[in-house]
Amino acid sequence: MLWKTRMNDVPNALESTEFEDWLWKREKSPRLGARVGLRNREIFPAFNGLPDERYVDLGFYRGDLGQPNRHWCFLAEIVDFDFFTRLHMEIRDIDGRKVPLFFYTDGRGSELESAKIQSGYTVAILYAQQHAFMFDEPGIRHEDPARLKTCQAHGWNEKLHKKSCKLLQDPDLRGIFILDWGQFDKHISFPFSVNTVEFAASTRNVEEAPNVSKAVIQASDKPYAIRSIAGKGKGLVATERIVKGTRLLSEAPVFRVPRGNPSIQALESIVKNEVNRLTADQKAAFFDLTNIYGDAHSHSLGIARTNVLPLVGSDDVSGGLFLDASRINHSCNHNAQNTWNENIGELTVHALRDINAGQEITISYLASTPEFAERQCQLKETFKFICRCELCSLPLAKRKLSDERLMKIQAIDRSIGEALLDGEEPGVALNLLHMMFDLFEEEGIWDGRIARAYKDAFDIAMENDDAPRARTFATRAYEARRLIEGEDNPTTIKMKRAANQLSAQPPEGMDKAEFEYWLWMGEDLASSEDSVE
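Definitions and limits used
- Residues numbered from 1 in each chain as written.
- Predicted model: local features only at pLDDT ≥ 70, side-chain atom pairs only at ≥ 80, totals over all residues.
- Heavy atoms only, no water.
- Axes fitted to C-alpha atoms, helices over the stretch in contact; angles between N-to-C directions.
- Helix = DSSP H or I, 4+ residues; strand = E, 2+ residues; numbered from the N terminus.
- Parallel < 35°, antiparallel > 145°, perpendicular 65-115°, else oblique.
- Contact = heavy atoms within 4.5 Å.
- Nonpolar A, V, L, I, M, F, W, Y, C, P; charged D, E, K, R; others polar.
- Pairing = 2+ DSSP bridges.
- Buried < 20%, exposed > 50% of the residue type's maximum accessible area, 1.4 Å probe, protein only.
- Core = buried A, V, L, I, M, F, W, Y, C linked by side-chain atoms within 4.5 Å.
- Expected span 1.5 Å × (residues − 1).
- Phe/Tyr/Trp six-rings, centres within 6.5 Å; stacked < 30°, edge-to-face > 60°.
- Lys NZ or Arg CZ within 6 Å of the ring centre and 35° of its normal.
- Salt bridge = Lys/Arg side-chain N within 4 Å of Asp/Glu carboxyl O.
- Polar contact = N/O pair within 3.5 Å; in protein donor to acceptor, adjacent residues only side chain to side chain.
- Left-handed = near helix turned anticlockwise from the far one by under 90°.

A. The packing of helix H14 (residues 467-485) against helix H16 (residues 512-519), seen in detail. Relative orientation of the contacting elements H14 and H16 amounts to 105°, with a least axis distance of 11 Å. When the axes of H14 and H16 are compared, the pair comes out roughly perpendicular. The residues of H16 that touch H14, namely those facing Pro468, Arg469, Thr472, Phe473 and Arg476, are Phe515, Glu516, Trp518 and Leu519. Taken together, the residues of the contact of H14 with H16 sort by class into five nonpolar, one polar and three charged.

B. Examining the sheet that holds strand E14 (residues 336-341) more closely. On the basis of which strands lie adjacent, the open sheet formed by three strands has the order E9-E15-E14 and antiparallel pairing. Among the strands making up the open sheet, the edge pair consists of strand E9 (247-251) and E14. Mean inter-strand twist for the sheet, computed between neighbouring axes without regard to direction, equals 20°. Looking at chain direction, E14 and strand E15 (residues 346-351) are connected through six bridges and run antiparallel. Each bridged residue has a counterpart across the sheet, and for Ala336 the counterpart in E15 is Ala351.

C. Structural view of the pairing of strand E8 (residues 233-238). Where strand E7 (residues 224-229) meets E8, six bridges bridge the pair, whose relative direction is antiparallel. Bridging from a neighbouring strand, Tyr224 pairs with Ala238 of E8.

D. Broad picture of the side chain of His334. Relative to the elements of secondary structure, His334 occurs in the loop between strand E13 (329-330) and E14. A relative accessible area of 8% means that His334 is categorised as buried. The contacts of His334, once residues within four sequence positions are left out, are Leu352, Arg353, Thr362, Ile363, Ser364, Asp447 and Arg449.

E. How the structure looks around the nonpolar core. Leu433, Phe440, Phe458, Phe473 and Trp520 are the most contacted members of the largest nonpolar core, which has 37 residues in total. Elements with a contribution of two residues or more to this core: helix H11 (396-422), helix H12 (426-443), helix H13 (448-463), H14, helix H15 (490-501) and H16. Tallying contributions element by element places H12 first for this core, with nine residues. Among all residues touching Trp520, those that are not within four sequence positions of it are Leu430, Asn431, Leu433, His434, Phe437, Tyr454, Ala457, Phe473 and Arg476.

F. Quick look at H13. In a regular helix each residue adds 1.5 Å, so 16 residues correspond to 22 Å; H13 covers 22 Å between its end C-alpha atoms and thus fits that length. Positioned one or two residues after H13, Asp465 has a phi angle of 55°, which is positive.

G. The packing of aromatic side chains, seen in detail. Following the criterion strictly, the structure yields 13 aromatic pairs and no others. Between Phe437 and Tyr454 the ring centres are 4.3 Å apart and the planes differ by 35°, which places this aromatic pair in the tilted class. With Phe437 in helix H12 and Tyr454 in helix H13, the pair connects residues that are 17 residues apart, well separated along the chain. We note that Phe437, like Tyr454, is buried. Aromatic pair Phe437 and Trp520: ring centres 5.5 Å apart, planes at 55°, arrangement tilted. Placement of Phe437 in helix H12 and of Trp520 in the loop between H16 and helix H17 (525-528) is noted, with a sequence separation of 83 residues between them. Using a relative accessible area of 11% as the deciding quantity, one classes Phe437 as buried. Residue class for Trp520 comes out buried when judged on its relative accessible area of 2%. Sitting above the plane of the Tyr293 ring, Arg305 keeps its charged end 4.5 Å from the centroid. The ring of Trp518 is capped by Arg469, whose NZ or CZ atom sits 4.3 Å from the centre of that ring.

H. Structural detail: the pattern of salt bridges. According to the stated counting rule, one finds 20 salt bridges in the structure shown. A salt bridge links Arg41 to Asp95; its shortest N-O distance comes to 2.7 Å. Here Asp95 lies in the loop between strand E2 (87-92) and strand E3 (98-103) and Arg41 lies in the loop between helix H1 (16-24) and strand E1 (73-83), a separation of 54 residues in the sequence. A salt bridge links Arg241 to Asp354, with the shortest nitrogen-to-oxygen separation between them at 2.7 Å.

I. Up close: the side chain of Ser402. Secondary-structure assignment places Ser402 in helix H11. Residue class for Ser402 comes out buried when judged on its relative accessible area of 2%. A polar side-chain atom of Ser402 sits 2.4 Å from a polar atom in the side chain of Glu443. Excluding its chain neighbours within four sequence positions, the residues that come into contact with Ser402 are Leu391, Leu394 and Glu443.

J. Representation of the packing of H12 against H13 within the structure. Following both chains from N to C, one finds H12 and H13 inclined at 165°, their axes separated by 10 Å at the closest point. As judged from the angle between their axes, H12 and H13 are roughly antiparallel. At the point where H12 passes H13, the crossing takes the left-handed sense. Residues Pro426, Ala429, Leu430, Leu433, Met436, Phe437 and Phe440 of H12 lie in contact with H13, whose contacting residues are Arg449, Ile450, Ala453, Tyr454, Asp456, Ala457 and Ile460. For the contact of H12 with H13, the residue count by class is twelve nonpolar, no polar and two charged.

K. How the structure looks around the sheet that holds strand E10 (residues 255-258). Taken in spatial order, the three strands line up as E10-E12-E11 in an open sheet, and their pairing is antiparallel. The sheet is open, and its two edges are formed by E10 and strand E11 (309-310), each paired on a single side. Where E10 meets strand E12 (residues 318-321), four bridges bridge the pair, whose relative direction is antiparallel. Residue pairing for E12: Phe255 is matched across the bridge by Leu321.

Laid out in structure tokens, this is it:
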């Protein structure tokens, strides 16, 4: 059957649910929240209406932690695209303004199907922000594949296009019309369907009832659950897809323990007093934690020594006992980063990469990641277990290659430390750091070492009064810190301030490859290996 309705006949005064009723010729559906149409500039802003990521826009974010206070989605037409070192699109917004869109995802944009990257197609980006690129005009830096989708949206005059339109037919996108955009509970991502939105709307206002398990109610607030892990005891498992950079946990310690050299007798007394102060529920959770020390101490001290996490960045030298975070197991190829946030007095855990529902959430118990034999020795001696994580379970040939990369990273790290102390030529030091980043990428590393390496590059540039490079490195260090620690972390704030205080700009007229070559004082990287002992 052919459509009889012309494009000009599509009603434009209907609210979203009424539009759906008209579109599908169905009985009116129940109200699910604030209804919007695609012409709503608050929900679907033009580029000029997007928040600038350098500032906290209270129209989009809560002022305390920079968390969104609502949802929004940026829609634009793909004008042109290319793939050099990463996918780049030129897109046009509803006002006709053309802006660049660069993909900084793990796959550098390769996650998108090539058939869906076409001029004239529409791109939808959840939580889009304006980004001030160092070497280009303002645009959008996109990092999360789950918050972007493209669809065919041109050719309305062609026969039967409305019947096959991905935006109107695809259930992953139709939820866009009935989502409660003004109510932010947590980040949403593609795909989201009408059923998903209906479920979220129906459970948003659930109140705790006496006969409902508290654990079930908590599960709706946290993206993880505490579950038994084969060979590990209990751990944290994702109950939904957690995208890279998400703060999946923020928790205050139930008590602190000194990490200096107090006597065992003093520790016994401290832990005993702290445990006695816990509520009944907290005590039950505490005594459910693992004790790797057996009868060497009291059961309470054994649990505390096993599960206390370092509060790196805290004003005092102590460790914290957490009822959730202390359950996170170790992996040498960890997918999450734990950091103490002195500003909020809580330990935060951020996803280092996308974590699918059902996957275990892991952190690293080690200060660094040495080669296999040394890792196993440290973990066995300190934590009493043999690691069988993905990295430690590699076939022998692949494990040797990994060990070679990790030893090179450690050697470069030592050389950079010496270069900073000895006033080494900046070009040599920056070339070594560039080599380190190549090794990071080959090894799949994206944790605190990235931010520290950019900070080293920033220090080298500042030491040599090189403001343009210093600003670039400070910006990258800030972006890395924001990903693994959050916008509110003191170190993140410090790096952001350092970048903003430098006004010098790099040379203009360079393409991306030329810019990177200039930034790292490019030389043949092989020549820099001689500087690594």
